[in-house]
Amino acid sequence: MRADYQYVLIQQDNAVLTITMNRPAVLNAINSQMLEELNEIADEAATDAAIRCVVLQGAGRAFGAGQDLSEFKAYYSSEDVDAGPLGEHLLGYHRLARTLHEMPKPVVAVLHGVATGVSLNLAFACDLRIAADTTRFSEAFARIGLVPDGGGAYFLTRLVGVAKALEISLLADEFSGIEAERLGLINKCVPLAELAATVAAFTQRLAQGPTYTYSLIKQLTYYAHDHDLQDVFHLESEFQDKAFCTADHREGVQAFFEKRAPRYSGK
Ligand code: T3D
């Protein structure tokens, strides 16, 4: 993977790839170039077998402040309200949200400082979220007269249900990491000073897990959310057959009988 991106830093530590959005002066607001870079990196991370867990985070004092609103200044200063730039532009966010969501390995968003707009919705597309208690969450779109994008309505309704999703989206108020954890929007909320160590321990553990089986668990869990029980039984049977034949399953059982920790290869 190349490392010379303009607005994104990447770092691999064992099998954990950390993707850092890096425009700290504007709270990592996402411009077209950053979006293109994030898509390229996510595509590669999805297919690289040496990467078994992916982290998405922001540099400086924020996770991210959403779309870079200065990018469309020409549109805002024009009289032509039909010259909206969004159709094509949004496809980049859709592609990225889908890649993060469907990647055959765990993807963890790490939220600190500010997490708003489409940046926050990309975090919702990830599998797991860890945040600092002081993080300022908001689904800011309605505050500037827009609808949630980047899959926001899809992910938010699944995470917290329709009533809370509507409240969060319509009022667009800020709430803390503590409240986000209470709502079930994030998996873990810790003091800011403990965030990096918590994330490192959590993601290194995931990266040493049965990665292929994790990919099946991901698919099965997301599928189970909107299919009936019989359909889920079918997919569960298909996936358990696949998991049963993996090297990691054999290793897990052998380790159990030998009373030792398993050493998973991810296969
Ligand atoms: O056009 C489209 O593509 C439509 C799609 C939109 C998708 C979205 O994501 S909509 C949501 C967009 N985001 C926002 O509306 C948030 C805008 N930002 C803010 O409201 C505030 O910055 C925050 C509440 C997030 C943080 O406030 P604070 O006081 O901690 O920081 P600040 O001083 O406002 O921001 C620091 C700098 O970042 C500042 O630049 P400056 O004045 O120092 O030169 C600010 O302008 C810049 N910045 C923050 N957010 C954005 C941004 N620049 C461009 N775009 C931003 N989204």
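Please read these numbers as outputs of a predicted model, since none were measured by experiment.

1. Here we look at the pairing of strand β6 (residues 128–132)
- For β6, the tally of buried residues reaches 5 of 5 residues, placing the bulk of the element in the interior.
- Covered by surrounding structure in β6 are L128, I130 and A132 together with R129 and A131, the residues of both alternating faces.
- Bridging between strand β4 (residues 107–111) and β6 involves 4 bridges; their strand directions are parallel. Bridge pairing in β6 links A109 to R129.
- Bridge count for β6 against strand β8 (residues 188–190) is 3 bridges, and the pairing is parallel. Paired with I130 across the bridge in β8 is K188.

2. Examining the sheet that holds strand β3 (residues 53–58)
- Judged by pairing direction, the sheet is mixed, and its 6 strands sit side by side in the order β1-β2-β3-β4-β6-β8 without closing on themselves. This sheet does not close on itself; its edge strands, each paired only once, are β1 (8–13) and β8. Shown here is a sheet whose adjacent strand axes are inclined to one another by a mean of 20°, direction ignored.
- Here 6 bridges tie strand β2 (residues 16–21) to β3, and the two strands are oriented parallel to one another. When the bridges of β3 are listed, T18 appears paired with V55.
- In this fold helix α1 (residues 32–47) packs onto β1, β2 and β3, with an angle of close to 175° to the strand it touches most, β2.
- Here helix α8 (residues 192–207) sits on the sheet and contacts β1, β2, β3, β4, β6 and β8; the angle it forms with β6, its principal contact strand, is near 160°.

3. As for the packing of α1 against helix α3 (residues 86–102)
- The contact between α1 and α3 brings their axes to 9 Å, and the two run at 30°. If you check the angle between α1 and α3, you find them roughly parallel. Where α1 crosses over α3, the two elements pack in a sense that is left-handed. Of α3, the residues touching α1 (which contributes S32, L35, L38, N39, A42, D43 and A46) are H89, G92, Y93, R95, L96 and T99.
- When grouped by side-chain class, the residues that make up the contact of α1 with α3 number 6 nonpolar, 5 polar and 2 charged.

4. Digging into the site of the ligand
- Around the ligand there are 22 residues in total, and R61, A65, Q67, L69 and V118 lie nearest to it.
- In the environment of the ligand, a nitrogen atom lies 2.8 Å from a nitrogen or oxygen atom belonging to the backbone of Q67.
- Between the ligand and the protein, one listed contact pairs a nitrogen atom with a backbone N or O atom of L69 at 2.9 Å.
- In isolation the ligand exposes 1000 Å². Once the protein is present, 67% of that is buried.
- Within the residue set of the shell around the ligand, elements represented by two or more residues are α3 and α4 (117–125).
- Of the residues contributing to the shell around the ligand, the split by class is 14 nonpolar, 4 polar and 4 charged.

5. Things to note about the domain arrangement of the chain
- Looking at the chain, the domain boundaries give domain 1 (8–207) and domain 2 (211–258).
- Of note, the centres of domain 1 and domain 2, computed from C-alpha atoms alone, are 28 Å apart.
- Every contact between the two is made by 14 residues of domain 1 and, on the other side, 7 residues of domain 2.
- Buried area between domain 1 and domain 2, both sides added, is near 820 Å², and the carbon and sulfur share of it is 49%.
- Where domain 1 packs against domain 2, one counts 2 salt bridges.
- Among the salt bridges present, the one from D226 reaches R158, with a minimum N-O distance of 3.2 Å.
- Counting the contacts that link domain 1 with domain 2 gives 8 residue pairs in polar contact (both at pLDDT 80 or more).
- Only α3 and α5 (152–160) provide two or more residues apiece to the side of domain 1 that touches domain 2.
- At 3 residues, α3 tops the list of elements feeding residues into the side of domain 1 that touches domain 2.

6. Examining the nonpolar core
- Residues L56, L111, F137 and L185 are the most contacted members of the largest nonpolar core, which totals 49 residues.
- Broken down by element, the residue count for this core peaks at 7 residues, all from α1.
- Setting aside its immediate chain neighbours within four residues, L111 contacts F63, L120, A123, R129, I130, A131, A132, T135, F137, I186 and L195.
- Core analysis: the next-biggest nonpolar cluster, separate from the first, contains 14 residues, V16, L128, V190 and A207 among them.

Cut-offs applied
- Residues numbered from 1 in each chain as written.
- Predicted model: local features only at pLDDT ≥ 70, side-chain atom pairs only at ≥ 80, totals over all residues.
- Heavy atoms only, no water.
- Buried < 20%, exposed > 50% of the residue type's maximum accessible area, 1.4 Å probe, protein only.
- Helix = DSSP H or I, 4+ residues; strand = E, 2+ residues; numbered from the N terminus.
- Pairing = 2+ DSSP bridges.
- Axes fitted to C-alpha atoms, helices over the stretch in contact; angles between N-to-C directions.
- Contact = heavy atoms within 4.5 Å.
- Parallel < 35°, antiparallel > 145°, perpendicular 65-115°, else oblique.
- Left-handed = near helix turned anticlockwise from the far one by under 90°.
- Nonpolar A, V, L, I, M, F, W, Y, C, P; charged D, E, K, R; others polar.
- Near = heavy atom within 4 Å.
- Polar contact = N/O pair within 3.5 Å; in protein donor to acceptor, adjacent residues only side chain to side chain.
- Areas by Shrake-Rupley, 256 points an atom, 1.4 Å probe, with all protein chains shown as cover.
- Domains from an automatic or database assignment.
- Buried area = accessible area lost by both parts, 1.4 Å probe.
- Salt bridge = Lys/Arg side-chain N within 4 Å of Asp/Glu carboxyl O.
- Core = buried A, V, L, I, M, F, W, Y, C linked by side-chain atoms within 4.5 Å.

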